[in-house]
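# Overview (structure and organization)
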Amino acid sequence: MAFEKIDQILEKYQYKHEEIIGIMQDAQIVENYLPETTLRHISNKMEIPLTRLFDIATFYKSFSLKPRGRHIIKVCLGTACHLSGGMQNMEQIKRTLRIREGGTTEDMMFSLETVNCLGTCALAPVAMVGEDYYGVVTPGKVEKILSKYTRKSRNAEGE
Ligand code: FES
């Protein structure tokens, strides 16, 4: 367990209780989710009740208490995206990756989430993979977009 990294994060924020959201956001980056062991560690070190940290982690959609894939896919289903085909894109992603909403592929490569508005409605329907934005997505483009990440991962593994 990477508590060393968590301790560095706590140091960076000087254990300030008012920075707890930032601390948890940074801690989540370490393993792409917030394991209970990490929350316990933060709770002990900062003397914040564990239940409080669980409350925060479950209140904000950006936190995950379950392991997530290497690439997080966010499909926008806000009004503009919903009206312009967001749902069809979502279905195409589910079919292509054999994944369900809120789920993760067996190989831990992708997780699939929905969001309400990514703030780029003019480009609807919008989706994100990790930090990359994709606008005017159609079901026909889904496979091509996803293949970039499967290729990247294969290259990173030296295949
Ligand atoms: S509704 Fe999708 S970006 Fe705003």
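Use the structure listed above.
An account of the accompanying structure is given in this report. (Residues numbered from 1 in each chain as written. Predicted model: local features only at pLDDT ≥ 70, side-chain atom pairs only at ≥ 80, totals over all residues.)

Attention now moves to the packing of helix α1 (residues 3-12) against helix α3 (residues 36-46). The axes of two packed helices give the description: the angle between them and the distance between them. Viewed as axis vectors pointing N to C, α1 and α3 meet at an angle of 45 degrees, and their least axial separation amounts to 11 Å. In terms of orientation, α1 lies oblique with respect to α3. The crossing of α1 and α3 is right-handed. Contact with α1, carried on its side by Phe3, Ile6 and Leu10, involves Thr38, His41, Ile42, Lys45 and Met46 of α3 and no other residues of that element. (Axes fitted to C-alpha atoms, helices over the stretch in contact; angles between N-to-C directions. Helix = DSSP H or I, 4+ residues; strand = E, 2+ residues; numbered from the N terminus. Parallel < 35°, antiparallel > 145°, perpendicular 65-115°, else oblique. Left-handed = near helix turned anticlockwise from the far one by under 90°. Contact = placed C-beta atoms within 7 Å.)

Before going further, it helps to spend a moment on α3. Side chains of residues three or four places apart in an α-helix project in the same direction, reflecting 3.6 residues per turn. All buried positions along α3 are accounted for by Thr38, Leu39 and Ile42. For α3, the buried positions fall inside an angular range of 100 degrees around the axis, keeping them on one side. Those residues of α3 that are exposed and aimed more than 90 degrees away from the buried face are Arg40 and Asn44. Buried residues along α3 sit against α1, α2 (20-31) and α4 (50-59). At the exit of α3 stands Glu47, carrying a positive phi of roughly 55 degrees. (Buried ≥ 20, exposed ≤ 12 C-beta atoms within 10 Å, placed from the backbone. Arc of directions from axis to C-beta.)

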